[in-house]
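Residues per chain, in single letters:
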Amino acid sequence: MTFQWTAVATILYGEIGVILVLCLPFISPLRWQKIFMIPLWSKVAVFWNKMFLTIIVLLIVLFLDAVREVKKYSAVHVNEKAANVNSSVFDHIQMKLFRSQRNLYLSGFSLFLWLVLRRTITLLNQLAKEMTSHAALEMQVNDATEAAKKYLAKIERPQEVLSEKGNGAKKELTEATNEKLRKEVELLKAELQKTSNALHKANTEVAAVKKQSEGLKREYDNLMKEYEQLQDSLNEEEDKKDL
C-alpha cells in the first residue's frame, strides 16, 4: 500500500474512532460543548474550516482516481480473460483490480465519514445550545410563577383585613388596590404565557435535534455494517488469491 492510501486508511480508522466516541450515550452534549470550548480546541478551530475543505478536496481527488483505476483494470481484466493470456499476467491484472477496488472503498468511506463527523459535531453544538436555552427558560418560568404567587398573596391580605373592619371607605380603597393588583397579575400571566410558549418551542427544537442525531447514529451503524461486510468479502478474495 502506497503512502497516500496508507494515509487515507489512517484517516478512515481515526474517523471511525472519533465518531464512536462522540456517539457514547453517557457523555452529554453540554459536556462536549465544554470540551470544545477549551483554549486548545479554540486555537484548532481557527484552522478547522480550512483543514476540512483541504481534506475534502484530497479525498475527492483520490476517490476519482480510484474510480478511474477500477474502470481501467476492469476493462483490461475482461479483455485479458477473453484473450486467454498467460496465467501470471492474468493474476497480476487481477491483483491490480483488487487493489484499485480496495482503494475505492477506502477513499469513499473516508469521504463519507468525514462529512458525517462534521455534521455530528455541528449537531452536538446545536443540541447543547438548545439544552442551555431550555434550562434558562425554565428558570424564567419559575421566577414568573413565584412573582405571581407573591402578588396573589398581597391581594388576599388586604381582603382579609378589610373584611374584619367592615369599613366602606376602606373597601372602596381596597377595590381600587385590588383592581390595580389584578392588572399586574394579568400582565404577569401574559408574561408567564409568553415564557411558556417559548419553553414549548425550545422543547420542540430539542426533540427535533435529538431525532436528527438518532437518525444519524442509525445511518452510521448501517454504514459500519456494510463496511464490515465489504471488508470481509475483500479479505476472502485476498485469501483466495494467496492460495
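Structure first, text after, so check above.
These notes cover the structure that comes with them. (Residues numbered from 1 in each chain as written. Predicted model: local features only at pLDDT ≥ 70, side-chain atom pairs only at ≥ 80, totals over all residues. Heavy atoms only, no water.)

1. Some words on the overall build of the chain
Stated formally: To qualify as a helix, a DSSP run of H or I must reach at least 4 residues; to qualify as a strand, a run of E must reach at least 2; elements of each kind are numbered from the N terminus. Exposure classes here rest on a 1.4 Å probe applied to the protein chains alone. A residue is buried below 20% of its type maximum, exposed above 50%, and partly exposed in between. To be clear on the numbers: accessible area is Shrake-Rupley with a 1.4 Å probe, and residue cover counts the displayed protein chains and nothing else.
Looking only at helices and strands, the chain has six helices and zero strands in total. For the chain, the α and β elements follow one another from N to C terminus as α-α-α-α-α-α. Of all 243 residues assigned to the chain, the portion counted as buried reaches 28%. By element, 60% of the accessible surface of the chain is carried by carbon and sulfur atoms, the whole surface being about 16400 Å².

2. Digging into the nonpolar core
A general trend in soluble globular proteins is that nonpolar side chains are found buried together. How we decide: Residues belong to a common nonpolar core when they are buried Ala, Val, Leu, Ile, Met, Phe, Trp, Tyr or Cys residues joined through side-chain atoms within 4.5 Å. Only heavy atoms enter the contact rule, under which two residues are in contact if any of them lie within 4.5 Å.
Judged by nonpolar contacts, the single largest core of 34 residues is most densely connected at Leu12, Ile16, Leu22, Leu113 and Trp114. Elements with a contribution of two residues or more to this core: helix H1 (3-22), helix H2 (29-36), helix H4 (48-83), helix H5 (87-165) and helix H6 (168-242). If one sorts the elements of this core by residue count, H5 sits on top with eleven residues. Residue contacts for Leu12: discarding those within four places in its chain leaves Leu106, Phe109, Ser110, Leu113 and Tyr227.

3. What to know about the side chain of Thr120
As for its placement among the helices and strands, Thr120 is situated in helix H5. Non-local contacts of Thr120, meaning those with residues more than four positions away in its chain, are made with Leu22 and Leu216.

4. Notes on a nonpolar patch on the surface
For clarity, the threshold we go by: Patches here: salt-bridge-free residues with over 30% relative accessible area, like charges joined within 9 Å, nonpolar side chains (Val, Leu, Ile, Met, Phe, Trp, Tyr) joined within 5 Å. Whenever Lys or Arg places a side-chain nitrogen within 4 Å of a carboxyl oxygen from Asp or Glu, that contact is recorded as a salt bridge.
Taken together, Ile35, Ile38, Leu40 and Val44 make up a surface patch of nonpolar side chains, about 330 Å² in accessible area. Secondary-structure assignment places Val44 in helix H3 (residues 39-46). Among the residues examined, Val44 registers a relative accessible area of 37% and is labelled partly exposed.

5. Describing the layout of surface pockets
Where empty space is left can be seen by rolling a probe of water-molecule size over the atoms. Worth spelling out the cut-off: Definitions used throughout: a 1 Å grid over protein atoms alone; a cavity as a set of points that fits a 1.4 Å probe which cannot get out; a pocket as an open set with protein on both sides within 12 Å along at least five of seven lines; a lining residue as one with an atom within 4 Å of a point. Grid points are joined across faces, edges and corners, and a volume is the space filled by probe spheres set on the points. Three classes are used: nonpolar for Ala, Val, Leu, Ile, Met, Phe, Trp, Tyr, Cys and Pro, charged for Asp, Glu, Lys and Arg, and polar for all others, with Gly counted as polar.
In this model, the largest pocket occupies a volume close to 380 Å³. Lining the largest pocket are 18 residues, and of these Leu22, Cys23, Leu124, Ser213 and Lys217 sit closest to its centre. Contributions of two or more residues to the lining of the largest pocket are made by H1, H5 and H6. Of the residues in the lining of the largest pocket, the class split is twelve nonpolar, three polar and three charged.

6. Looking at the pattern of salt bridges
Pairing is possible between side chains of opposite charge, provided their charged atoms come close. Evaluation of the coordinates by the stated rule reveals two salt bridges. For the salt bridge of Asp65 with Arg68, the shortest nitrogen-to-oxygen distance reads 2.9 Å. One end of the pair is Asp65 and the other is Arg68, both in helix H4 and three residues apart, which spans about a single turn. Note that Arg68 is salt-bridged to Glu69, the shortest N-O span being 2.7 Å. For Glu69, a relative accessible area of 18% translates into the label buried. Each of Asp65, Arg68 and Glu69 takes part in salt bridges that share partners, so that together they form one network.

7. Overview of H2
In an α-helix, one turn spans 3.6 residues, which is why side chains three or four residues apart end up on the same side. Operational definition: What the arc describes is the spread of directions from the helix axis to the C-beta atoms.
Along H2, the positions that sit buried rather than exposed are Pro29, Trp32 and Phe36. The buried residues of H2 all sit within an arc of 55° when viewed along its axis, so they share a single face. Seen from the buried face of H2, the exposed residues on the opposite side, beyond 90 degrees, are Arg31 and Lys34.

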